[in-house]
Amino acid sequence: MVYCAGIIFAPMQKIGILGGGQLGKMLLQAAANYPVETFILENDANCPAAHLCHHFTKGDIKNFDAVYAFGKNLDAITIEIENVNVEALEKLSQEGVKVFPHPSVLKTIKNKILQKEYYKQHEIPSPEFIITKNRNDIQQALHLLPAVHKIGEGGYDGKGVQFIETEKDIEHGFEAPSVLEKMFPIEKEIAQMVAINEKGETALYPPVEMVFDPVLNLLNFQYCPASVAEKTRWKIEAIALSVVRNFKSPGLFAIEMFVDKEGNVMVNETAPRVHNSGHHTIEAHYCSQFDMLWRIMLGYPLGHTDAIVPSVMVNLLGAEGYQGPAVYEGLNELLQLENAFVHIYGKTQTKPGRKMGHVTILSHEKQELVHQAAKVKQLLTIKTD
Ligand code: ADP
């Protein structure tokens, strides 16, 4: 890149994304504003991102050869999901391809055991835990109950999590290396997004407050900004910065945290990538999370993270009891809502709880946000014919 009196002459860069779901799709929408040639690697040729990139490669993001062959002629590569082949990314990184985030970060985050040890090593507050090899080990740690058993690798969207309230629940524990974590008295679940560039400069988005579906364990609504006391917010920001700085890697990070009634803050987990908790930034913030990641990868200045207007984001999930080609009942009504931005990801198949789209609503009035979010849920059902 050549700098001349504040003007950047940037050659077209070739940047690849591992995974072609909705996060990849929204990254590509933002890429259209920049001089970048985009590449997607994904097994499903009909995935949401397949038709927006310049080059689509059908292949397995978990396979060494597929990832290495995909990445070897690129300038940079990023991910939209952690479950990728890290060894191939390490080799690509050694050969000069920039990887966002660094493969070492992915290694730590992909495995909940390593992730928890990372927090402990860096004195980042996170619920007390022990490592278990099998469910028998839980018997030796009854003092931690009620607790949450989390499988080390392969869990996502609550699928690798079991609540162990009493000894009776131990039978539901995992027979694989896992973390047993003391239950935290959660009052609010918060996500804090942090951007960090190659110079180590950082930018923080306002924290968001997440409300989960208790049955599906999937994000239901998310308010921005989170309503937390100023002191709690400072803690959230300081902890999130500590998580990110210790990784020593550029990228975009979403740090999920718990807050209790007294304002104590604990880290639950970190996503080293664009994240569901940042969707609202597309319409509600000056610089979206997707725009921000391109700025980081292309070496441009970090964007402004301030909210233009408070927002609520509603995930559009596949309805219970329907599996097959998706039909969007109530979409016309939804599209007539004021202050609502509708995103349909274009997945042809629905299933219960599948993330099929999202809606962002903007308003200065919290009551209006609450009301409109409920209306979205009421208006749209994603089912099959
Ligand atoms: P996943 O990575 O699959 O989303 P999480 O580790 O985020 O799984 O856990 C899913 C949910 O379980 C969290 O959003 C939270 O509601 C609950 N949970 C996880 N850990 C704890 C804990 N230590 N105490 C209380 N609730 C927890």
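In what follows, the structure referred to is the one given above.
First things first, this report covers the structure right here in the doc. (Residues numbered from 1 in each chain as written. Predicted model: local features only at pLDDT ≥ 70, side-chain atom pairs only at ≥ 80, totals over all residues. Heavy atoms only, no water.)

### Let's talk about helix H6 (residues 230–247)
Next, step 1: Helix length check: H6 (18 residues) gives 26 Å between terminal C-alpha atoms against 26 Å at 1.5 Å per residue, within 8%.
Next, step 2: Listed as buried for H6 are Thr 232, Ile 236, Ile 239, Ala 240, Leu 241, Val 243, Val 244 and Phe 247.
Next, step 3: Of the surrounding secondary structure, the elements contacted by the buried residues of H6 are helix H4 (103–110), helix H5 (112–121), strand E12 (188–196), strand E13 (202–204), strand E16 (251–259) and strand E17 (265–271).
Next, step 4: Looking one or two residues past H6, Lys 248 carries a phi angle of roughly 55°, positive in sign. (Helix = DSSP H or I, 4+ residues; strand = E, 2+ residues; numbered from the N terminus. Expected span 1.5 Å × (residues − 1). Buried < 20%, exposed > 50% of the residue type's maximum accessible area, 1.4 Å probe, protein only. Contact = heavy atoms within 4.5 Å.)

### Points about the packing of aromatic side chains
Describing an aromatic ring pair means giving the distance of the ring centres and the angle of the ring planes.
Next, step 1: On inspection of all chains with the given rule, the structure shows six aromatic pairs.
Next, step 2: Ring centres 6.1 Å apart and planes at 15° place the aromatic pair Phe 64 and Tyr 68 in the stacked group. Here Phe 64 and its partner Tyr 68 are both found in helix H2 (residues 64–71), four residues apart, which amounts to about one turn of the helix.
Next, step 3: Residue Phe 64 is classed as partly exposed on the basis of its relative accessible area of 29%.
Next, step 4: Tyr 68 gets classed as buried once you look at its relative accessible area, which sits at 19%.
Next, step 5: A centroid spacing of 5.9 Å and a plane angle of 65° characterise the contact between Tyr 118 and Tyr 119, whose relative ring orientation is edge-to-face.
Next, step 6: The class of Tyr 118 is buried, set by a relative accessible area of 7%. (Phe/Tyr/Trp six-rings, centres within 6.5 Å; stacked < 30°, edge-to-face > 60°.)

### Looking at the sheet that holds strand E3 (residues 13–18)
Next, step 1: Read from one edge to the other, the open sheet built from five strands follows the order E5-E4-E3-E6-E7, with strand pairing classed as parallel. Only two strands of the sheet have a single partner each, and these edge strands are strand E5 (55–58) and strand E7 (98–100). In this sheet, adjacent strand axes meet at a mean angle of 20° when their direction is disregarded.
Next, step 2: The sheet contact formed by strand E4 (residues 36–42) and E5 spans four bridges and is parallel. In the strand pairing of E5, Leu 41 is matched with Thr 57.
Next, step 3: In the packing of H2 onto the sheet, the strands contacted are E3, E4, E5 and strand E6 (76–79), and the crossing angle to E4 comes to about 170°.
Next, step 4: In this fold helix H3 (residues 86–94) packs onto E3, E6 and E7, with an angle of close to 155° to the strand it touches most, E6. (Pairing = 2+ DSSP bridges. Axes fitted to C-alpha atoms, helices over the stretch in contact; angles between N-to-C directions.)

### Digging into the sheet that holds strand E9 (residues 147–151)
Next, step 1: In spatial order, the strands read E8-E11-E9-E10; together these four strands make up an open sheet with antiparallel pairing. Where the open sheet ends on each side, the last strands, each with one partner, are strand E8 (129–132) and strand E10 (161–164). Direction aside, the axes of adjacent strands within the sheet are offset by 25° on average.
Next, step 2: As paired elements, E9 and E10 share four bridges and run antiparallel to each other. Residue pairing for E10: His 149 is matched across the bridge by Gln 162.

### Looking at the nonpolar core
Next, step 1: Ranked by internal contacts, the top residues of the largest apolar core, which has 34 residues, are Met 292 and Trp 294.
Next, step 2: Secondary-structure elements contributing two or more residues to this core are E3, helix H1 (22–31), E4, E12, E16 and helix H8 (289–298).
Next, step 3: Considering every element that reaches this core, the biggest residue donor is H8, with seven residues.
Next, step 4: When near neighbours in sequence (up to four residues on either side) are disregarded, Met 292 contacts Ala 195, Ala 203, Tyr 205, Leu 252, Cys 287, Leu 302, Gly 303 and Thr 305.
Next, step 5: Tyr 118, Ile 124, Ala 226 and Ile 239 belong to the second-largest nonpolar core, a separate cluster that totals 22 residues. (Core = buried A, V, L, I, M, F, W, Y, C linked by side-chain atoms within 4.5 Å.)

### Here's the deal with the pattern of salt bridges
Any two side chains of opposite charge can pair, given that their charged atoms come close.
Next, step 1: Counting across every chain of the model gives 14 salt bridges.
Next, step 2: Linking Lys 107 and Glu 90 is a salt bridge whose minimum nitrogen-to-oxygen distance equals 2.9 Å. Here Lys 107 is found in helix H4, whereas its partner Glu 90 is found in helix H3, with 17 residues between them in sequence.
Next, step 3: A relative accessible area of 39% places Lys 107 in the partly exposed class.
Next, step 4: Looking at Glu 90, the relative accessible area reads 24%, which means it is partly exposed.
Next, step 5: In this structure, Glu 181 and Lys 116 form a salt bridge, with 2.8 Å as the shortest nitrogen-oxygen distance. Here Lys 116 lies in helix H5 and Glu 181 lies in strand E11 (residues 178–182), a separation of 65 residues in the sequence. Considered together, Glu 181 and Lys 116 belong to a single accessibility category, that of buried residues. (Salt bridge = Lys/Arg side-chain N within 4 Å of Asp/Glu carboxyl O.)

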